[in-house]
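# Results of the structural survey
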Amino acid sequence: MIRAGVATVDITPPAGLPLSGFAARTLPATGAHDPLTVRALAVNDTAMVVADVIGLHGDMSARIRRRCALPDANVIISALHNHGGPVSMAGRLTIETDEAYLQRLEDACVEAIDQAVAAQRPATLSVGLGSDPDIARNRRHPDGPVDRALPLLRVRDESGDMIALMTGYACHPVVLGADNRLWTADYPHYVRRALETSYPGATALFVTGCVGDANTGHSAHASISLAANPDRSFAAAERIGGKIAKAAMDAPELALGGDVTALEAQVSLPFERRETETPAELAARWRAERAGAEPAQAALLDAWTHWAETIALEPADALSGRVSVLDWGGLPVIGLPGEIFAATALSLRAACGERPAFIAGFAEDNPGYIPPSEEFSFGGYEVDEAHRYYGQPASFAPGCAEALAAASVTLLKKTHSGRD
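Residues numbered from 1 in each chain as written. Predicted model: local features only at pLDDT ≥ 70, side-chain atom pairs only at ≥ 80, totals over all residues. Heavy atoms only, no water.

By the naming in an unreviewed UniProt entry, the protein is Neutral/alkaline non-lysosomal ceramidase, N-terminal, taken from Nitratireductor aquibiodomus.

If you want it as structure tokens, here you go:
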């Protein structure tokens, strides 16, 4: 029998704390546009958690899983990856963290899981794929791959009342640009609001997919600007979120079974230095470039110079990435660390066959971009530069994305064989 419960815990920071997501933005938040939350959906002895922050450090996620009421292997903790949230990862994204807020975030994740478990009651699950909302664009290649899947999970109690809805889409939550100084969950706020308006009393979760090369159409470098843009406004976010929610609610319903399983694996993620100049040479060049730079570009060059003088000198030891799979009655929920590209997601959807699936990026850890091997020859921000912003000594090496995908497929096969 399925038992399910859902919980929401507010994590909206006070005004005055720094925002995370844009190196060009150096001024603190002035207030909140919409509340930031942690949302947890517990199904039997497993849970899916989404926190409205740009990322979670793997050390924090591991503590949350150890502290919560469920077995630590049975929980996926993911980040929404909104760029209108607080600094949430120690030692990453160039801005110092507020230790009191980090503790509040960790405690809120534990609280959300435990409240969701306490709220569990008999339930039924159904899933379907909504129509393509045609929002996401590959920001690196015209007509490049995009994961267009829009799953919707419906969770009802025995009387048929909606307990929770969970949807997900692979488009960077970065409609708002660097000029925004209000706390916001970006377009997913509007997706959740629309779903909850349609089903009063229900709680909506939004799972951000593999968005490393997907947004609404601008390049990554377009964000190195503090200029306002009508295409990157709250009005635009509301329009986009409403369109995604409407498409999700068109999803048909396929009843899911009663078996729930959870599996995890650890994958070694080695680094590879791509800079040809020494850190000292890079720092000298960036300091020279800064002399005539605009303020937004100067802020970026300051961050890179700091990286060259500190982090670039550290050993580039491999990280361990956690891959996790929950099987909710035949629905795969896959958690992958970091900023994963569409090609990796599409390979996993092919492995799932006809089954709808949730593929969560930014799960457990967000150490940076993990591109598929074919992307390295194109270079660009995601391949050659972003590791400096993420506080890593080098880029992840070719083959890391494929290793994560292979581990995921192995876990998927185990869950599928367990039902046969």
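Let us keep going from here.
### Focus on the pairing of strand β18 (residues 319–328)
β18 sits mainly inside the fold: eight of its 10 residues count as buried. For β18 and strand β19 (residues 331–335), the ladder comprises five bridges, and the chain directions are antiparallel. The partner of Val 325 across the bridge, within β19, is Ile 334. Counted between consecutive antiparallel strands, the loop separating β18 from β19 contains two residues, among which Gly 329 sits at a positive phi close to 60°. (Buried < 20%, exposed > 50% of the residue type's maximum accessible area, 1.4 Å probe, protein only. Helix = DSSP H or I, 4+ residues; strand = E, 2+ residues; numbered from the N terminus. Pairing = 2+ DSSP bridges.)

### Comments concerning the domain arrangement of the protein
Here the protein is partitioned into domain 1 (3–265 + 319–418) and domain 2 (274–313). Computed over C-alpha atoms, the centres of domain 1 and domain 2 are 31 Å apart. Contacts between domain 1 and domain 2 engage 17 residues on the former and 12 residues on the latter. It is Ile 224, Arg 388 and Pro 393 in domain 1 that bury the most area against domain 2; as a group they hold 44% of the surface buried on that side. Summed over the shared surface of domain 1 and domain 2, the number is two salt bridges. Between Arg 274 and Asp 384 there is a salt bridge whose closest N-O contact spans 2.6 Å. If you look at where domain 1 meets domain 2, you find five residue pairs in polar contact (both at pLDDT 80 or more). Tallying contributions element by element places helix α8 (residues 381–389) first for the side of domain 1 that touches domain 2, with five residues. Among the residues forming the side of domain 1 that touches domain 2, the class breakdown is seven nonpolar, seven polar and three charged. (Domains from an automatic or database assignment. Contact = heavy atoms within 4.5 Å. Buried area = accessible area lost by both parts, 1.4 Å probe. Salt bridge = Lys/Arg side-chain N within 4 Å of Asp/Glu carboxyl O. Polar contact = N/O pair within 3.5 Å; in protein donor to acceptor, adjacent residues only side chain to side chain. Nonpolar A, V, L, I, M, F, W, Y, C, P; charged D, E, K, R; others polar.)

### Quick notes on the pairing of strand β6 (residues 75–79)
Burial analysis of β6 places five of its five residues in the buried class, the great majority of the element. By the alternation rule, side chains of β6 split into Val 75, Ile 77 and Ala 79 and Ile 76 and Ser 78, which are all buried. Of the strand pairs in this sheet, strand β5 (residues 46–51) and β6 are connected by five bridges, and their pairing is parallel. Pairing of Met 48 across the sheet is with Ile 76, part of β6. Between the parallel pair β5 and β6, the chain is carried across by helix α1 (residues 58–67), and the sense of this crossover is right-handed. (Right-handed = clockwise from strand over helix to strand, strands pointing away.)

### Remarks on helix α4 (residues 234–249)
Taking 1.5 Å of rise per residue, 16 residues should cover 22 Å, and α4 covers 22 Å from first to last C-alpha, within 8% of that figure. For α4, the full list of buried residues reads Phe 234, Ala 236, Ala 237, Ile 240, Gly 241, Ile 244, Ala 245, Ala 247 and Ala 248. Looking straight down α4, one finds its buried side chains confined to an arc of 165°; they lie on one side. Away from its buried face, by an angle of more than 90 degrees, α4 presents the exposed residues Ala 235, Arg 239 and Lys 246. The inward-facing, buried residues of α4 abut β10 (151–157), β11 (162–169), β12 (182–183) and α3 (187–198). (Expected span 1.5 Å × (residues − 1). Arc of directions from axis to C-beta.)

### Some thoughts on unusual backbone geometry
Among all residues except glycine, the phi angle is most often negative; among peptide bonds, the trans geometry is most common. Although it is not a glycine, Asp 186 sits at a positive phi angle of roughly 65°. One can find Asp 186 in the loop between β12 and α3. The class of Asp 186 is buried, set by a relative accessible area of 2%. Notably, Glu 364 is not glycine yet its phi reads approximately 75°, a positive angle. Locating Glu 364 in the fold gives a position in the loop between β21 (358–360) and β22 (369–370).

### Structural notes on the sheet that holds strand β16 (residues 260–269)
Within the open sheet, the four strands sit side by side as β16-β18-β19-β21. Their pairing is mixed. Across the chains shown, the open sheet's two edge strands, defined by having one partner strand only, are β16 and β21. With strand direction ignored, the average angle separating the axes of adjacent strands in the sheet is 15°. Examined bridge by bridge, β16 and β18 share 10 bridges and lie antiparallel to one another. Each bridged residue has a counterpart across the sheet, and for Leu 263 the counterpart in β18 is Val 325. (Axes fitted to C-alpha atoms, helices over the stretch in contact; angles between N-to-C directions.)

### Quick word on empty space enclosed by the protein
If you walk through the whole model with that rule in mind, you get five cavities of 30 Å³ or more. Approximately 300 Å³ is the volume found for the largest cavity. If you trace the largest cavity, you find 22 residues lining it, with Gly 21, Ala 220, Ser 223, Tyr 381 and Tyr 389 closest to the centre. Those elements giving two or more residues to the lining of the largest cavity turn out to be α6 (295–309) and α8. (1 Å grid on protein atoms, 1.4 Å probe; cavity = no way out; pocket = protein on both sides within 12 Å on 5 of 7 lines; lining within 4 Å. Points joined across faces, edges and corners; volume = space filled by probe spheres on them.)

### Regarding the UniProt feature "domain: Neutral/alkaline non-lysosomal ceramidase N-terminal" (unreviewed entry) in the protein
Sequence positions flagged by UniProt for "domain: Neutral/alkaline non-lysosomal ceramidase N-terminal" (unreviewed entry) are, in local numbering, residues 4–202. Secondary structure across residues 4–202 comprises 21% helix and 30% strand; the distance between its end C-alpha atoms is 12 Å. (UniProt positions renumbered as here; feature names shortened; annotations may be inferred.)

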